[in-house]
Amino acid sequence: MEILELMGKRHSVRQYIKKPIEQEKRNEIDRCISEINEESGLNMQVFYDEPECFNSFMAHYGKFKNVENYIAVAGTKKEREKAGYYGEKLVLECQKLGLNTCWVAITHGKTKAKTEKGQKLLIVIALGYGETQGVPHKSKSMAELSKADENAEWFTKGMEAVCLAPTAVNQQKFLFELKNGVVTAKALMGFYSKTDLGIAKYHFEAVTGHKVK
């Protein structure tokens, strides 16, 4: 399955069935997390068969159900964008394994994540087998999310991927620009917008192979 198709099939899922994640899939997730931590310097951790984090008032308020596995991403305050970038890389790997996910900012309880000095919990990702595959989110148009000084097919394809990127409360508070062959992107004012920008950057780079500044 091509990466753009994988992005199109992945949707946020909050309700899960009580089905344990198989050991071979756990091994693949563990391997991916180890590689990400080494490459990024983040402190990403996964917890299996741990229902307490989402057995809380906030989780019930967020309409989460049967979440017994989750990923915690820890790092410094300056690494929010990086958390989004590498977190989405892992989210898509989980989707490839037939699992469902949901980015969670505050609607969860206390995690079991351990943080190093200077680090904090940046974001949590619910993980497991969903009751459904979720539904597509509404997206702003490419014209609202980008501007370009040329009509480049690869940039258009990259923005198609950006439109598929999940964001907090579906806000899409970022702007991509193509100028003189260079792509830049910036976060606008919004809730967890730096994390969202990291997710969107990963989508763009994974599909086009072009780096975003």
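In this report, the structure presented in the accompanying data block is examined. Quick caveat: nothing in here was measured; it's all calculated off a predicted structure.

All right, on to helix H2 (residues 23-40) then. The end-to-end C-alpha distance of H2, which contains 18 residues, comes to 25 Å, matching closely the 26 Å that a straight helix rising 1.5 Å per residue would cover. Residues of H2 that are buried sit in contact with strand E1 (43-47), helix H4 (80-96) and strand E4 (120-128). Residue Gly41 follows H2 closely and has a positive phi angle near 85°.

Next up on the list: the sheet that holds strand E6 (residues 174-179). In space, the three strands of this open sheet follow the order E5-E6-E7, with mixed pairing throughout. One side of each edge strand has no neighbouring strand; the edge strands of this open sheet are strand E5 (146-148) and strand E7 (182-187). Pairwise comparison of adjacent strand axes, ignoring direction, gives a mean angle of 15° for this sheet. Looking at chain direction, E5 and E6 are connected through three bridges and run parallel. Paired with Lys147 across the bridge in E6 is Glu177. Docked against the sheet, helix H6 (residues 153-163) engages E5, E6 and E7, running at close to 170° with respect to E6.

For His60, the position within the fold is in helix H3 (residues 57-61). Accessibility expressed as a relative area gives 48% for His60, which makes it partly exposed. Not counting residues up to four positions away in its chain, the partners in contact with His60 are Phe54 and Asn55.

Turning our attention to the nonpolar core. Ranked by size, the top nonpolar core spans 48 residues in total, and within it Ile29, Ile71, Leu90 and Phe176 carry the most contacts. With seven residues, H4 is the largest single contributor of residues to this core. Core analysis: the next-biggest nonpolar cluster, separate from the first, contains 15 residues, Val13, Phe54, Tyr70 and Ala72 among them.

Glycine aside, residues mostly have negative phi, and peptide bonds are mostly found in the trans state. Of note, Val169 is a non-glycine position whose phi angle comes to about 45°, a positive value. Along the chain, Val169 falls in the loop between H6 and E6. Residue Val169 is classed as exposed on the basis of its relative accessible area of 71%. A positive phi angle is found at Gln172, which is not glycine, with a value near 50°. Relative to the assigned elements, Gln172 resides in the loop between H6 and E6.

The residue Glu88 is located in helix H4 in this model. Not counting residues up to four positions away in its chain, the partners in contact with Glu88 are Trp103, Pro166, Ile199, Tyr202 and His203.

A few words now on the layout of surface pockets. The computed volume of the largest pocket comes to approximately 770 Å³. Ser12, Arg14, Cys102, Trp103 and Thr167 are, among the 33 residues lining the largest pocket, the residues nearest its centre. If you list the elements that add at least two residues to the lining of the largest pocket, you get strand E3 (100-104) and helix H7 (193-208).

All right, on to the packing of H6 against H7 then. A packed helix pair is summarised by two numbers, namely the angle formed by the two axes and the spacing between the axes. Their axes nearest at 8 Å, the elements H6 and H7 cross at an angle of 140°. In terms of orientation, H6 and H7 fall into the oblique class. At the point where H6 passes H7, the crossing takes the right-handed sense. Judged by residue contacts, Trp154, Phe155, Lys157, Gly158, Met159, Ala161 and Val162 of H6 engage Ala200, His203, Phe204, Val207 and Thr208 from H7.

Rules and cut-offs
Once a new chain begins, its residue numbering starts again from 1 and follows that chain's sequence as written. Local features are withheld for residues below a pLDDT of 70 in this predicted model, meaning they are given only at 70 or higher, and side-chain atom pairs are given and counted only at 80 or more; totals for whole chains, interfaces and linings count all residues. Note that water and hydrogens are dropped before the side-chain values are worked out from all heavy atoms of the structure. Counting from the N terminus, the helices are the DSSP runs of H or I reaching at least four residues and the strands are the DSSP runs of E reaching at least two. One less than the residue count of a helix, multiplied by 1.5 Å, gives the span that helix is expected to have. Should any heavy atoms of two residues lie within 4.5 Å, those residues are considered in contact. Two strands make a pair as long as DSSP finds a minimum of two bridges between them. Note on geometry: axes are C-alpha line fits, over the in-contact stretch for helices, and angles between N-to-C directions span 0 to 180 degrees. The buried label goes to any residue with under 20% of its type's maximum accessible area, the exposed label to any with over 50%, and the partly exposed label to all in between, with areas taken from a 1.4 Å probe on protein chains only. We define the nonpolar core as a collection of buried residues of types Ala, Val, Leu, Ile, Met, Phe, Trp, Tyr and Cys that are connected through side-chain atoms lying within 4.5 Å of one another. Throughout, the protein atoms alone are placed on a 1 Å grid, and a set of points is a cavity if a 1.4 Å probe fits but cannot get out or a pocket if it is open with protein on both sides within 12 Å along at least five of seven lines; lining residues have an atom within 4 Å of a point. Grid points are joined across faces, edges and corners, and a volume is the space filled by probe spheres set on the points. By the definition adopted for this analysis, an angle is roughly parallel if under 35 degrees, roughly antiparallel if over 145, roughly perpendicular if from 65 to 115, and oblique otherwise. Each crossing gets its handedness from the near helix: less than a right angle anticlockwise from the far helix is left-handed, clockwise is right-handed.

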